[in-house]
2 protein chains.
Amino acid sequence: MANINENYLNLQGSYLFADIAKKVADYQAAHADADIIRLGIGDVTLPLVPAVIDAMSKAVQEMGKAETFRGYGPEQGYDFLRQAIIDGDYKPLGIKIAPDEVFVSDGAKSDVGNIQELFSEDNIIAITDPVYPVYLDSNVMGGRTGEAVDGIFQKVVYLPTSAENNFSPEFPTEHVDIVYLCSPNNPTGTVLSRTRLAEWINWCKENDVILMFDSAYEAFISTDDTVHSIYEIEGAREVAIEFRSFSKTAGFTGTRCAYAVVPKEITGKTKSGERQALNPMWNRRQCTKFNGVPYIIQRGAEAVYTKEGREQTRTNIAYYKENARIIKEGLESIGLTVYGGVDAPYIWLKTPENMTSWELFDILLEKVQIVSTPGSGFGPHGEGYLRLTSFGSRENTIRAVERIKTLQF
Amino acid sequence: MANINENYLNLQGSYLFADIAKKVADYQAAHADADIIRLGIGDVTLPLVPAVIDAMSKAVQEMGKAETFRGYGPEQGYDFLRQAIIDGDYKPLGIKIAPDEVFVSDGAKSDVGNIQELFSEDNIIAITDPVYPVYLDSNVMGGRTGEAVDGIFQKVVYLPTSAENNFSPEFPTEHVDIVYLCSPNNPTGTVLSRTRLAEWINWCKENDVILMFDSAYEAFISTDDTVHSIYEIEGAREVAIEFRSFSKTAGFTGTRCAYAVVPKEITGKTKSGERQALNPMWNRRQCTKFNGVPYIIQRGAEAVYTKEGREQTRTNIAYYKENARIIKEGLESIGLTVYGGVDAPYIWLKTPENMTSWELFDILLEKVQIVSTPGSGFGPHGEGYLRLTSFGSRENTIRAVERIKTLQF
């Protein structure tokens, strides 16, 4: 009689996007002609850039010829891509990363979920509140959270993150072993300052805490006062694992390529107190349970780092950033309070007049036919906020803002 | 202080292919002109078929245009591929599978490794010996095996599989919860008969055991006396999860697409004895830790099921099967005893004169410059066998057999 992993029973239903979909469907059913604009989902809309398309087209042809066909590739990614990542993302920042510290994968979601397998069940994790749900759910599955009481997991340390603390969470006061930080942040669209991240690294070193640093939205950074990589901070190699993705940088949400950096210095420990390097553990995990990213896709990712690829993807990022500016400034012009939208594709709108997140969601849907994401869906401290994304078309973005401007709050 | 998952420390070094690579490199270094033929590795060599190339080329172009661009797809795979799988692989066998029982993934290796996350640590697993190492290693990582003593894991039930039992393992006599079977088998190249598989299903039902059925080599089956899908056996939906792959069927080892079938009837249980369906658990696992297979790759996999795709991939399979026949009959013609090679791309050679696997490996490398895989690398009961694969070119296969024929045993 096979016993199930009962930790799965502790998972909370992921009702957020289902609830949103149902509300939108109900509204559409009742208003067949409604011209609904969707600014709720964090998915890109611009097509892949020509440099990527050309590289993948070429790679497809290679796979059709005996002389250039590729079978199993290295589980960790081809050297050509690992080197392109180092040369493109780290060397310009003065950061030294070895090729065997870069692990190419099918997604940052996979990586941030799977990485928890390297740790025992008794570790205490800290997450920000609000948060990207995968950090939490993968640890629920791994038995690291206990049960949820009123939606709050008993063994998890929540770090409130809101306008009150300028979206920069305090250090945990309880004992924690692993902290997840995302900057630029999903869902708040804000960044942690360079100074604050240096404090985090020091704090992690002093308290022997591992930092899971998710910088999937790095390409959207405008400000100078943050980092593009956590390894810009001295000492980060000893405590931080960095997660990056081509999803938002290059529109790869349906193309699937990402990478994790696991420096050789970073260690966990055994119960008897011995240090164990995580890099060979992750290598073993990936070699045992993963067979690499398709060759065709890796050639596409490599092309992001060519001169043409860089220019073309920058143009796309600039397009989304201009959308973000339009939303931010438009909402501010009618007296709304808005965070994010400068270094990230997300706008984090404070609900006016102490409305709940869902109350404002309903108003936007019913009065101006705009779909958003209620902040409370990302955690208790997301209550009173609403997430809008800049991934729509320019036209729809402008129309959405004009519609919101007609509202009286 | 983050504690590591100490189960990783129980993993045995995966020295097999590293040891082989070192022996070959040493030989090559000492014999610079040696014309080495590699029949050791289970990787395909024929390029992807035109139908697949055309479909992926088209999909790449779609990704470059706004009207046809695809962002996030369903984590479980696109409906077009799930339906093609059902129509192509199951309907012709008279098997009813629902689309939401098919989970498209990046590889059978990923699936057979990740599926163990659904089960608690206290389950007892049974594996054949010899065995594909991923079944074992993923369970070592999950804490289900205990420590290894002389290479044997203390909590694992090993099912010896050799010529003595006609490569059809006995049922476990100890208590087990989960059994892994692979038919056609890697590494032995043999299949389990339809009758025996029906007995296995009955045994699993009677003993409330879950069967992990790996049929990655299904496309190589010639005999009538086995199944292409475990669901050809009545009652299998209640106890069996099936793993399939495009890797060997359509040369996708570097292209990455596979699928698992998790029927809605199959259940595990909680400690309090309640039945829990595994289908929604696997759905949740995939939705949380995976973001689907690239759209381009799924279109390639779909094309395997077109009329052209079927004919072209069948031609490739026939090519490898003819290689297998050449090896098998060639070795038999000099009095060697050979198993497999009829329903699988693997030939399982009994070492002559009670040689060890490594002794015969050394003779083949040093005397006739052929790289093989020692059977002992797949488990203790692989000792005295050697695996050869039919994935080489026709020319090299013929040359390899001619060389072996010159040996005196």
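The name an unreviewed UniProt entry gives chain A is LL-diaminopimelate aminotransferase, with Veillonella rodentium as the organism. UniProt annotates chain A under Pathway (unreviewed entry) with the comment "Amino-acid biosynthesis; L-lysine biosynthesis via DAP pathway; LL-2,6-diaminopimelate from (S)-tetrahydrodipicolinate (aminotransferase route): step 1/1." According to its UniProt record, chain A has this under Cofactor (unreviewed entry): "pyridoxal 5'-phosphate".

### Notes on the overall build of chain A
When you go through chain A residue by residue, the secondary structure sums to 13 helices and 17 strands. Taken over the C-alpha trace, chain A has a radius of gyration of 22 Å; the compact-globule value for 409 residues is 22 Å, and the two agree within 12%. Restricting to contacts in chain A with at least 6 residues of sequence separation, those with at least 24 account for 73%. Roughly 15,000 Å² of accessible area belongs to chain A as shown, and the carbon and sulfur atoms make up 49% of that amount.

### Some thoughts on the domain arrangement of chain A
All names here are of chain A. Once the domains are mapped, chain A shows domain 1 (13-42 + 309-405) and domain 2 (53-305). Across the boundary between the two partners, domain 1 contributes 24 residues, which contact 30 residues of domain 2. In this assembly, domain 1 packs against domain 2 so that about 2,300 Å² is buried in total across both faces, 61% of it on carbon and sulfur atoms. At the surface where domain 1 touches domain 2, the tally comes to 0 salt bridges. Where domain 1 meets domain 2, there are 13 residue pairs in polar contact (both at pLDDT 80 or more). Elements that contribute at least two residues to the side of domain 1 that touches domain 2 include exactly α11 (307-333), β13 (338-340), β14 (346-350) and β17 (385-389). Partitioning the side of domain 1 that touches domain 2 into residue classes produces 12 nonpolar, 8 polar and 4 charged.

### Some points on the side chain of T249 of chain B
Residue and element names in this part refer to chain B. Position of T249 relative to the elements: it lies in helix α7 (residues 246-249). Polar side-chain contacts of T249 include one of 3.1 Å to the backbone oxygen of S245. Among all residues touching T249, those that are not within four sequence positions of it are A216, A219, T313 and I317.

### Quick word on the environment of I326 of chain B
Residues and elements named next belong to chain B. Along the chain, I326 falls in helix α10 (residues 307-333). Among the residues examined, I326 registers a relative accessible area of 16% and is labelled buried. The sequence separation of I326 and T397 amounts to 71 residues, and the corresponding C-alpha distance is 7.5 Å. Apart from residues lying up to four places away in sequence, I326 is in contact with R394, T397, I398 and V401.

### Some thoughts on the packing of aromatic side chains
One pass over the structure, following the stated rule, counts 48 aromatic pairs over all chains. Chaining the aromatic ring pairs together yields one cluster made of Y90, Y231, F246, F252, Y259 and Y305 of chain A. One cation-aromatic arrangement involves R394 of chain B over Y319 of chain B; the distance from NZ or CZ to the ring centre is 4.5 Å.

### Remarks on the sheet that holds strand β3 (residues 125-129) of chain B
Pairing between the strands of a sheet comes from backbone hydrogen bonds, and it takes one of two forms, parallel or antiparallel. Residue and element names in this part refer to chain B. Read across the open sheet, the 7 strands follow the order β2-β10-β9-β8-β7-β3-β6; overall the sheet is mixed. Whereas interior strands pair on both sides, the edge strands pair on one side only; in this sheet they are β2 (102-105) and β6 (157-160). Direction aside, neighbouring strands of the sheet carry axes that sit 20° apart on average. Pairing analysis gives 5 bridges linking strand β7 (residues 178-182) to strand β8 (residues 210-214), with the strands arranged parallel. Its bridge partner lying in β8, I178 is registered against I210. Sheet strands touched by helix α5 (residues 133-141): β3, β6, β7 and β8. Its angle to β3, the strand with the most contacts, is close to 150°.

### Points about the confidence of the model for chain A
With 100% of its residues at a pLDDT of 70 or more, chain A shows a mean pLDDT of 96. Taken together, the chains of this predicted complex give a pTM of 0.97 and an interface ipTM of 0.97.

### Re the UniProt feature "domain: Aminotransferase class I/classII large" (unreviewed entry) in chain A
Those residues carrying the UniProt feature "domain: Aminotransferase class I/classII large" (unreviewed entry) are residues 35-404 of chain A in this numbering. Measuring from the first to the last C-alpha atom of residues 35-404 of chain A gives 14 Å, for a span that is 37% helix and 17% strand.

### Here we look at the sheet that holds strand β14 (residues 346-350) of chain B
All names here are of chain B. In space, the 4 strands of this open sheet follow the order β13-β14-β17-β16, with antiparallel pairing throughout. Among the strands making up the open sheet, the edge pair consists of β13 (338-340) and β16 (373-374). Both β14 and strand β17 (residues 385-389) contribute to a ladder of 5 bridges, which runs antiparallel. Bridging across to β17, L349 finds its partner in L386. Lying over the sheet, α10 contacts β13, β14 and β17, oriented at roughly 155° with respect to β13. Across the sheet, helix α11 (residues 357-368) is in contact with β14, β16 and β17; its angle to β17 comes to roughly 45°.

### Considerations on the pairing of β17 of chain A
All names here are of chain A. Of all 5 residues that make up β17, 5 are buried, and the element is covered over most of its length. Neither face of β17 is left uncovered, since the one carrying Y385, R387 and T389 and the one carrying L386 and L388 both have all their residues buried. Here 2 bridges tie strand β16 (residues 373-374) to β17, and the two strands are oriented antiparallel to one another. Bridging across to β17, T373 finds its partner in R387.

### Here we look at the nonpolar core
Core analysis: the biggest nonpolar cluster contains 137 residues, and V179, I230, F246 and F252 of chain A together with I230, F246 and F252 of chain B have the highest contact counts within it. Setting aside anything within four residues of it in sequence, one finds F252 of chain B in contact with L48, V52, F246, S247, C257, I297, G300, A301 and V304 of chain B. Counting residues in hydrophobic clusters, the runner-up holds 66 residues, among them I115, V140 and I210 of chain A together with M212 of chain B.

### Details of the packing of helix α2 (residues 50-63) of chain A against helix α2 (residues 50-63) of chain B
One way to put it is that α2 of chain A packs onto α2 of chain B with a least axis distance of 10 Å and a crossing angle of 175°. As summarised for this structure, α2 of chain A and α2 of chain B are arranged roughly antiparallel, according to the angle between their axes. Here α2 of chain A contributes I53, M56, S57, V60, Q61 and M63 of chain A to the contact with α2 of chain B, which in turn contributes I53, M56, S57, V60, Q61 and M63 of chain B. Residue composition of the contact of α2 of chain A with α2 of chain B, by class: 8 nonpolar, 4 polar and no charged.

Definitions and cut-offs
Residues numbered from 1 in each chain as written. Chains lettered and ligands numbered in written order. Predicted model: local features only at pLDDT ≥ 70, side-chain atom pairs only at ≥ 80, totals over all residues. Heavy atoms only, no water. UniProt positions renumbered as here; feature names shortened; annotations may be inferred. Helix = DSSP H or I, 4+ residues; strand = E, 2+ residues; numbered from the N terminus. Rg over C-alpha atoms; globule rule 2.2 N^0.38 Å. Contact = heavy atoms within 4.5 Å. Areas by Shrake-Rupley, 256 points an atom, 1.4 Å probe, with all protein chains shown as cover. Domains from an automatic or database assignment. Buried area = accessible area lost by both parts, 1.4 Å probe. Salt bridge = Lys/Arg side-chain N within 4 Å of Asp/Glu carboxyl O. Polar contact = N/O pair within 3.5 Å; in protein donor to acceptor, adjacent residues only side chain to side chain. Nonpolar A, V, L, I, M, F, W, Y, C, P; charged D, E, K, R; others polar. Buried < 20%, exposed > 50% of the residue type's maximum accessible area, 1.4 Å probe, protein only. Phe/Tyr/Trp six-rings, centres within 6.5 Å; stacked < 30°, edge-to-face > 60°. Lys NZ or Arg CZ within 6 Å of the ring centre and 35° of its normal. Pairing = 2+ DSSP bridges. Axes fitted to C-alpha atoms, helices over the stretch in contact; angles between N-to-C directions. pLDDT = per-residue confidence, 0-100. Core = buried A, V, L, I, M, F, W, Y, C linked by side-chain atoms within 4.5 Å. Parallel < 35°, antiparallel > 145°, perpendicular 65-115°, else oblique.

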